[in-house]
Amino acid sequence: SQKIEQNSEALNIQEGKTATLTCNYTNYSPAYLQWYRQDPGRGPVFLLLIRENEKEKRKERLKVTFDTTLKQSLFHITASQPADSATYLCALESTGGFKTIFGAGTRLFVKA
Amino acid sequence: GAVVSQHPSRVICKSGTSVKIECRSLDFQATTMFWYRQFPKKSLMLMATSNEGSKATYEQGVEKDKFLINHASLTLSTLTVTSAHPEDSSFYICSARDWTGASGNTIYFGEGSWLTVV
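These figures come from a predicted structure and were not determined experimentally.

A.B. asks: Would you mind going over the overall build of chain B in detail, with residue names and values included?
C.D. replies: From N to C terminus, chain B includes zero helices and 11 strands. Along the chain direction, N to C, the helices and strands of chain B fall in the order β-β-β-β-β-β-β-β-β-β-β. For 118 residues, the compact-globule estimate of 2.2 N^0.38 gives 13 Å, and chain B sits close to it at 14 Å. If one aligns the C-alpha atoms of chain B with their principal axes, the spans along those axes are about 45 × 30 × 25 Å. Within chain B, the fraction of its 118 residues that count as buried is 53%. Of the contacts made within chain B by residues no fewer than 6 positions apart, 53% connect residues no fewer than 24 positions apart. As displayed, chain B offers around 5,800 Å² of accessible surface, 53% of which is attributable to carbon and sulfur atoms. Between the mean site of the 11 positive side-chain charges and the mean site of the 10 negative ones, chain B shows a separation of 6 Å.

A.B. asks: Can you tell me about the state of the cysteines, naming the residues and giving the values?
C.D. replies: All names here are of chain B. In total, this model carries two disulfides over all chains according to the counting rule given. Linked covalently through their sulfurs, cysteine 23 and cysteine 94 form a disulfide whose S-S length is 2.0 Å. Looking down the S-S bond of the cysteine 23 and cysteine 94 bridge, the torsion is 80°, so its handedness is right-handed. Of this pair, cysteine 23 sits in strand E3 (residues 19-25) while cysteine 94 sits in strand E9 (residues 90-98); the two residues are 71 residues apart in sequence, bridging distant segments of the chain. Comparing cysteine 23 with cysteine 94, the two get one shared label, buried. In this structure cysteine 13 is not part of a disulfide, and its nearest cysteine sulfur, from cysteine 94, lies 18 Å away.

A.B. asks: Explain the confidence of the model for chain A residue by residue, including any values.
C.D. replies: Per-residue confidence for chain A gives a mean pLDDT of 91; residues scoring 70 or more make up 96%. No element of chain A has a lower mean pLDDT than strand E10 (residues 100-102) of chain A, at 85, and none a higher one than strand E8 (residues 72-77) of chain A, at 97.

A.B. asks: Which residues make up the packing of aromatic side chains, and what values do they have?
C.D. replies: Per the counting criterion, the structure on display carries 12 aromatic pairs over all chains. By way of ring pairs, the aromatic residues A:Tyr36, A:Phe46, A:Phe102, B:Tyr36 and B:Phe109 are connected into one cluster.

A.B. asks: Explain the pattern of salt bridges to me, using residue names and the numbers behind them.
C.D. replies: Two side chains of opposite charge can pair, provided their charged atoms sit close to one another. For the structure on display, the rule yields nine salt bridges over all chains. The closest approach of N and O atoms between A:Lys57 and A:Glu54, which form a salt bridge, is 3.6 Å. The partly exposed category is assigned to A:Glu54, whose relative accessible area is 22%. One salt bridge in this structure joins B:Arg24 and B:Glu22, with 3.5 Å as the shortest N-O distance. According to the relative accessible area criterion, B:Arg24 is partly exposed, its value standing at 33%. Look at B:Glu22 and you get partly exposed, because its relative accessible area is 25%.

A.B. asks: Go over the environment of B:Leu68, please, and point to the residues and values.
C.D. replies: Residue and element names in this part refer to chain B. With respect to the helices and strands, leucine 68 occurs in strand E7 (residues 67-73). Residue classification places leucine 68 among the partly exposed residues on the basis of a relative accessible area of 40%. Not counting residues within four places of it along the chain, the set of residues in contact with leucine 68 comprises Tyr58, Thr78, Leu79, Thr80 and Thr82.

A.B. asks: Describe the sheet that holds strand E3 (residues 19-26) of chain A, naming the residues involved and giving the relevant values.
C.D. replies: Residue and element names in this part refer to chain A. Spatially, five strands are ordered E1-E3-E8-E7-E6 in an open sheet, and the strand pairing comes out antiparallel. Two strands lie at the open edges of the sheet, namely strand E1 (3-6) and strand E6 (56-59), each paired on one side alone. With direction set aside, neighbouring strand axes in the sheet form an average angle of 15°.

A.B. asks: Talk me through the interface of chain A and chain B; I want residue IDs and the actual numbers.
C.D. replies: How big an interface is tends to be stated in terms of the accessible area lost upon association of its parts. Each side of the interface is counted separately: chain A has 20 residues, and chain B has 20 residues. The interface formed by chain A and chain B includes two salt bridges. Here chain A and chain B share four residue pairs in polar contact (both at pLDDT 80 or more) between them. For the side of chain A that touches chain B, the elements supplying multiple residues, two or more each, are strand E4 (32-38), strand E5 (45-51), strand E9 (86-93) and E10 of chain A. Per-element tally for the side of chain A that touches chain B: the top contributor is E4(A), with four residues. Residue classes in the side of chain A that touches chain B are distributed as nine nonpolar, seven polar and four charged.

What counts, and at which threshold
Residues numbered from 1 in each chain as written. Chains lettered and ligands numbered in written order. Predicted model: local features only at pLDDT ≥ 70, side-chain atom pairs only at ≥ 80, totals over all residues. Heavy atoms only, no water. Helix = DSSP H or I, 4+ residues; strand = E, 2+ residues; numbered from the N terminus. Rg over C-alpha atoms; globule rule 2.2 N^0.38 Å. Buried < 20%, exposed > 50% of the residue type's maximum accessible area, 1.4 Å probe, protein only. Contact = heavy atoms within 4.5 Å. Areas by Shrake-Rupley, 256 points an atom, 1.4 Å probe, with all protein chains shown as cover. Lys, Arg positive; Asp, Glu negative; His and termini not counted. Charge placed at Lys NZ, Arg CZ, Asp CG, Glu CD. Disulfide = S-S within 2.5 Å. pLDDT = per-residue confidence, 0-100. Phe/Tyr/Trp six-rings, centres within 6.5 Å; stacked < 30°, edge-to-face > 60°. Salt bridge = Lys/Arg side-chain N within 4 Å of Asp/Glu carboxyl O. Pairing = 2+ DSSP bridges. Axes fitted to C-alpha atoms, helices over the stretch in contact; angles between N-to-C directions. Polar contact = N/O pair within 3.5 Å; in protein donor to acceptor, adjacent residues only side chain to side chain. Nonpolar A, V, L, I, M, F, W, Y, C, P; charged D, E, K, R; others polar.

Listed below in structure tokens is the structure:
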């Protein structure tokens, strides 16, 4: 069955460092991979979308890579800030499909 | 930018009663909306796909008669939890896709609705 794995353990880093979160998937050939931020008790907020034919995407301090061979995406936050503390969700979507499958998310804590 | 509004944000109801949650796309039309359920520290679980003007498509294991979905207009979908039980207590989130946005495929989520059945 289709499966998305994100590190269930929280990631603790120091302010100013780069946070790297991992998303691995199996039994799936996504056309798009998306990353969302979710704060406690709130709905997810869209951050970045990367297509299967793209290797890397950047937006301000955020960078996403997509390796369809490894079936893995890495999400980087450079110069991290305490305000970046949240849960980050990885989501996959197939071509022409409407269904988006979400990972359980990784909780990030950035210490001042 | 595109916004999805969800109401109410919190609701408490008695066992056996029904509760309705609304999901609105505020500045774009959404022919398709999605309803999710999320347990603490768990991923979003898709419950159903709401289609404007037609019946919703439910995921396996989701009771259609329990979770009634109506998508009467291009900007509004409702989820009604009928005959609610304490095990229905959860965080319910809706989303809608904006095909006209810069990314051409952006999903916007509502703020979620906390349902507590007592």
